[in-house]
Amino acid sequence: MPVDIDATVIANRRLSADYNVLSLAAPEIAAAARPGQFVMIKPGGLDSAPLLRRPFSIFEVLRDASGRPSGVSIFNKRIGAGTTLLSRVEAGTRLPLLGPLGRPFEPVDPPAEAWMIAGGVGLAPFVTLAAALAARKTATTLYYGARKADELYCVDLFEALGVTIVLATEDGSRGIHGRITVPLEAALEARPLGNPVKLYVCGPTPMMRATAHLADVHGRACDVSLEQVMGCGLGGCYSCVVMARPAGGGAAHHTRTCIEGPVFDAQRVVWDAVAGH
């Protein structure tokens, strides 16, 4: 069950003018969090606007000196009023925090491999997944793409977990020149079908749609984490609905991302009905 607490900001680490990592003391949420789950955070603090909370994937599970879960972090990009507030918040500030919420990723075990495909802020759910895979000794690769080199962040967190890194930038300033689906497609084509691999994807809708198609063509399991706008995170407001097919088959219907997701089997999602960004 999710818990609703007033979490104290531990640190606000600025990565660039638009990106920051916000760390919050939240041991109850950290102890219960699973890879791919999210929290709802009120950016303006206890008594300030905006009134509605914002959804963020749990970026890291923080631990104290003894290794016990002590808090969580979020990976924030400054876009609107709420994310701007979160980019400026200072240590010691208390922010209402609800979580953990949503359907998590299911890490695979060896001999299967895990390939994580991230674009932009779609990197957010993958540190916790990489840690869970490392604990299982599952060979893991991160395919991480952005428009340019200075929009690739926190690669060191994945290197520390033993993850193989494949980078791509659209302007060619770092890694492979092009979209991240270019090296992914090449890797899928080169991999024998008898060698199991599962894809985990989060990022811009066109990238997720393209990756879902590649997974289908090559007969690979693929889970996507959808980045829908949410008002409550508990299924009450219906602001996060997407068209998805039932897990057992049948006609597509409106599905609440906060309840049945944010993680979905990619083949369940009706991609033509998902708003792109």
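Residues numbered from 1 in each chain as written. Predicted model: local features only at pLDDT ≥ 70, side-chain atom pairs only at ≥ 80, totals over all residues. Heavy atoms only, no water.

Caption draft 1: The overall build of the chain, seen in detail. On a plain count of helices and strands, the chain comes out with seven helices and 16 strands. A compact globule built from 277 residues should have a C-alpha radius of gyration of about 19 Å, and the chain, at 18 Å, falls within 12% of that. Once the C-alpha set of the chain is aligned to its principal axes, its extents read approximately 55 × 40 × 35 Å. The long-range fraction of contacts in the chain, counting pairs at least 24 apart against all pairs at least 6 apart in sequence, stands at 65%. (Helix = DSSP H or I, 4+ residues; strand = E, 2+ residues; numbered from the N terminus. Rg over C-alpha atoms; globule rule 2.2 N^0.38 Å. Contact = heavy atoms within 4.5 Å.)

Caption draft 2: Representation of the nonpolar core within the structure. In terms of nonpolar packing, the biggest core is built from 30 residues, with Phe75, Met116, Leu123, Phe126, Leu142, Tyr144 and Phe158 touching the most fellow members. Counting residues per element, the ones that place at least two in this core are strand 2 (19-25), strand 8 (113-119), helix 3 (126-135), strand 9 (140-146), helix 4 (155-159) and strand 12 (197-202). When residues in this core are grouped by element, the largest group, five residues, is from helix 3. Beyond its immediate stretch of four places on either side in the chain, Met116 contacts Phe126, Leu129, Ala130, Leu133, Thr140, Thr141, Leu142, Tyr143, Phe158, Val163 and Tyr200. Among the nonpolar cores identified, the runner-up in size contains 26 residues, and Ile117, Cys222, Val224 and Ala244 belong to it. (Core = buried A, V, L, I, M, F, W, Y, C linked by side-chain atoms within 4.5 Å. Buried < 20%, exposed > 50% of the residue type's maximum accessible area, 1.4 Å probe, protein only.)

Caption draft 3: Structural detail: helix 2 (residues 81-88). Of all the residues in helix 2, the buried ones are Gly82, Thr83, Thr84, Leu86 and Ser87. Residues of helix 2 that are buried in the fold lie against strand 1 (3-14), strand 2, strand 3 (38-41), strand 4 (54-57), strand 6 (69-77) and strand 7 (94-101).

Caption draft 4: Looking closely at helix 6 (residues 205-217). In this model helix 6 runs 18 Å from its N-terminal to its C-terminal C-alpha over 13 residues, within 8% of the 18 Å that 1.5 Å per residue would give. Turning to helix 6, its buried residues are Thr205, Met207, Met208, Thr211, Ala212, Leu214 and Ala215. Packed against the buried residues of helix 6 are strand 8, helix 5 (181-190), strand 12 and strand 13 (221-225). Among the residues trailing helix 6, Gly219 stands out with phi positive, at a value near 65°. (Expected span 1.5 Å × (residues − 1).)

Caption draft 5: Local environment of the pairing of strand 6. Across seven bridges, strand 2 lies against strand 6 in antiparallel orientation. Counterpart to Tyr19 in the pairing with strand 6 is Lys77. Here strand 5 (residues 60-63) pairs with strand 6 via four bridges, running antiparallel. Bridging from a neighbouring strand, Glu60 pairs with Ser73 of strand 6. What sits between strand 5 and strand 6 in their antiparallel hairpin is a turn of five residues, with Gly67 showing a positive phi close to 95°. (Pairing = 2+ DSSP bridges.)

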